[in-house]
Amino acid sequence: MAEIQIKNVAKRFGEYQALSDINLTIADQEFMVLLGASGCGKTTLLRIIAGLETQSTGEVWIGDKRVDHLPPKDRGIAMVFQNYAVFPHLTVFENIGFGLRMQKLPNDEVTRRVQRTAELMHIEQLLKRYSGELSGGQRQRVAVARALAMEPDVILMDEPLSNLDALLRLEMRAELKGVLAESKTTAIYVTHDQVEAMSLADRISVMHQGRIVQAATPVEVYRNPAERFVAGFIGNPPMNFVTARPEGKGRWNVAGQSFDGPASDAGALEFAIRPEDLTPAEAGLRATAKVVEPLGAHLLVTCEVDGALFRAVLDSDLVVKPEDSLTLAPMPDRVRWFDPETTKAVAV
Amino acid sequence: MTAVTTDTAGDTRRAGRYVYLASVTLLCAWVLVPLYFLLINTLSSPEAVNAFPKSFIPEFDLGSLTFFANFAGMLSALKNSILVAGVTMILSITISAPAGYALSRFDFPGKELFRLLILLTRAFPLPLLALPLAVMFIRTGLDDTVLGLALVHTTLAIPFAVLITFSLFSGIPVELEEAAWTLGCTRLTAFTKVVLPLILPGITASAIFAFVISWNEVFAAAVLTIENRTLTAFLLQNLDTSPLHLKFAGGFILVVPALIFIFAVRKYLFAMWGIANR
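All of these numbers come straight from a predicted model, not from anything done at the bench.

K.L.:
Just to check I follow, could you spell out the packing of helix H2 (residues 92–102) of chain A against helix H4 (residues 136–149) of chain A for this structure?
P.N.:
Helix-helix packing is described using two parameters, namely the angle between the two axes and the distance between the axes. Residues and elements named next belong to chain A. Where H2 contacts H4, the two axes come as close as 7 Å, and the packing angle between them is 30 degrees. Here H2 is positioned roughly parallel relative to H4, judged by the angle of their axes. As H2 packs across H4, the resulting crossing turns out to be right-handed. Of the residues in H4, those touching H2 at Val92, Asn95, Ile96 and Leu100 are Val142, Ala145, Arg146 and Ala149. The residue inventory of the contact of H2 with H4, partitioned by class, reads 6 nonpolar, 1 polar and 1 charged.

Given below as structure tokens:
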């Protein structure tokens, strides 16, 4: 059982507030992804959980033990580093067995566990090699195997795939997901790649400027962004925003069209819709196409609505030329609303 | 036209090659010729050393070396040299390696100043320091002892040793240590199990470098010792009044151990200074 609880954690580096008011509970065996742009504090949070960094205030609990004052070795964690950190003076075997040897496990137990994790990661033929004789992908496998061999309560991964080339990354991603699901460990995974986050996570914590802005399942984060930042960060292309003026009684004027919206008394709201939730129709938002990009599976049209940039992902059979006028109907149940003052989502 | 161009290019390349070869030969000769003369004169009989013209082939007359081996005080001077250099080596590494580690891993106020100041210890000429030191050593009873001289030599070796170990430690990614901590190591065991094995060749090289600095140092040795002279100080004192063939033999005895040490660790010295070996 290794539930992780982070309570009111904050971190300052001198004058710089790297993390503020982090509260997060990660369930046992959950795969949690910390997602955010560089400098958002996700790696700092991971390092605080690992014990490589000390929080300025707050508590970290793993299972029913408070660990924030313990050194990394006493926290029941294992970590995979971005640059792999495979020990160059040891063979692959000794690298994977390093943590086990530190626990003073008997030789045959070490051999058994190294063999098993090596087979799991498909590197059993490399056990006698040194780090210098391995490719990047192989080193990555060694680093993951080394962490898994510890049979930790929690496995922490800091952008483990970011140094691999695109094809290998895809392959490792799927493999990692399978291996970790099987190992039944709680996993925290830091990445800036939203596709990686969506594909791996049970839950995603989107981080921005040292705060967690939303922690939810990938679908929830995608469909119901809690803040405008999340809506603009997740999804490629991201959500479209158009300013909406109140017409009263929960009706809102968006680029000359009237929509049902929240019964809010705000002076203005932001109307948001995902590019793929738009269809050409008789009635809808009037748009002028600017750039048309045929992507095979669909057609990406960048257009202008009410003077704002607006993207639509349309059927690839459609014929659209630049400067064409389009009428785009948003799917009613996919429309979201944000308050421009608080940047928070407003429920209908 | 094309042929002419190719020819000129060929000429230039050939000329460049000559210049290159000539430079290499000159540089090698610069080092090797004196050493070779030292060698043949050491291995020649006194008559041959003083004769003219000189032979380029050594006679393998071990007379001068045998003389030194039997010379009173010679062996004890050799022993002193090894002792002083050994203590210097141990002291400078035990002091410098932690300093180098701290410089590469921790941020502390005055770090840059410290790096500058440590070089400044070499800014004062030794003759300026030697006499006050001698007075102080006599007062504290450190004069004419192995430890006293080793302390001075350590001071000379530390700036190099600190900067060398600093760059060695900096070459080891901090993630390796952090990985070791997450795998069950304390700061100490992470150091002994991960950092030390990686750094040991470099440490050995800088230790031997400190050894050679001490071995070759003559000024402080001559001023601060009387009875317990090191080899350099001993030979300096005695060779002055010796015949030529003994001077050569003495020089030979001084040069050869240092050469052997440097040769043995050349790979690490190159690595240490950031010059790729091959």
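K.L.:
For this particular structure, what's the right way to read the pairing of strand E1 (residues 4–13) of chain A?
P.N.:
Along any regular strand, the residues point their side chains to alternate faces of the sheet. Residues and elements named next belong to chain A. Taken together, the 5 bridges between E1 and strand E4 (residues 57–62) define a ladder with antiparallel strand orientation. In the strand pairing of E4, lysine 7 is matched with glutamate 59. One ladder, built from 7 bridges, connects E1 with strand E2 (residues 16–26); its direction is antiparallel. By the bridge assignment for E2, arginine 12 is matched with glutamine 17. Linkage of E1 to E2, two consecutive antiparallel strands, is achieved through a turn of 2 residues, within which glycine 14 is found at a positive phi near 60 degrees.

K.L.:
What is the right way to read the nonpolar core from this model?
P.N.:
Here is a general trend for soluble globular proteins: nonpolar side chains tend to be buried in one another's company. By size, the foremost hydrophobic cluster in this structure holds 100 residues, and its most contacted members are A:Leu45, A:Phe87, A:Ile96, A:Phe98, A:Ile123, A:Leu156 and A:Met157. For this core, the leading source of residues is H4(A), giving 7 residues. Among residues more than four places away in sequence, those in contact with A:Phe98 are A:Phe87, A:Leu90, B:Ala180, B:Leu183, B:Cys185, B:Lys193 and B:Val194. In terms of nonpolar packing, the next biggest core, distinct from the first, is built from 25 residues, A:Ile273, A:Ala287, A:Leu299 and A:Val305 among them.

The rules behind the values
- Residues numbered from 1 in each chain as written.
- Chains lettered and ligands numbered in written order.
- Predicted model: local features only at pLDDT ≥ 70, side-chain atom pairs only at ≥ 80, totals over all residues.
- Heavy atoms only, no water.
- Axes fitted to C-alpha atoms, helices over the stretch in contact; angles between N-to-C directions.
- Helix = DSSP H or I, 4+ residues; strand = E, 2+ residues; numbered from the N terminus.
- Parallel < 35°, antiparallel > 145°, perpendicular 65-115°, else oblique.
- Left-handed = near helix turned anticlockwise from the far one by under 90°.
- Contact = heavy atoms within 4.5 Å.
- Nonpolar A, V, L, I, M, F, W, Y, C, P; charged D, E, K, R; others polar.
- Pairing = 2+ DSSP bridges.
- Core = buried A, V, L, I, M, F, W, Y, C linked by side-chain atoms within 4.5 Å.
- Buried < 20%, exposed > 50% of the residue type's maximum accessible area, 1.4 Å probe, protein only.

No statement about biological role is implied by the geometric values presented.
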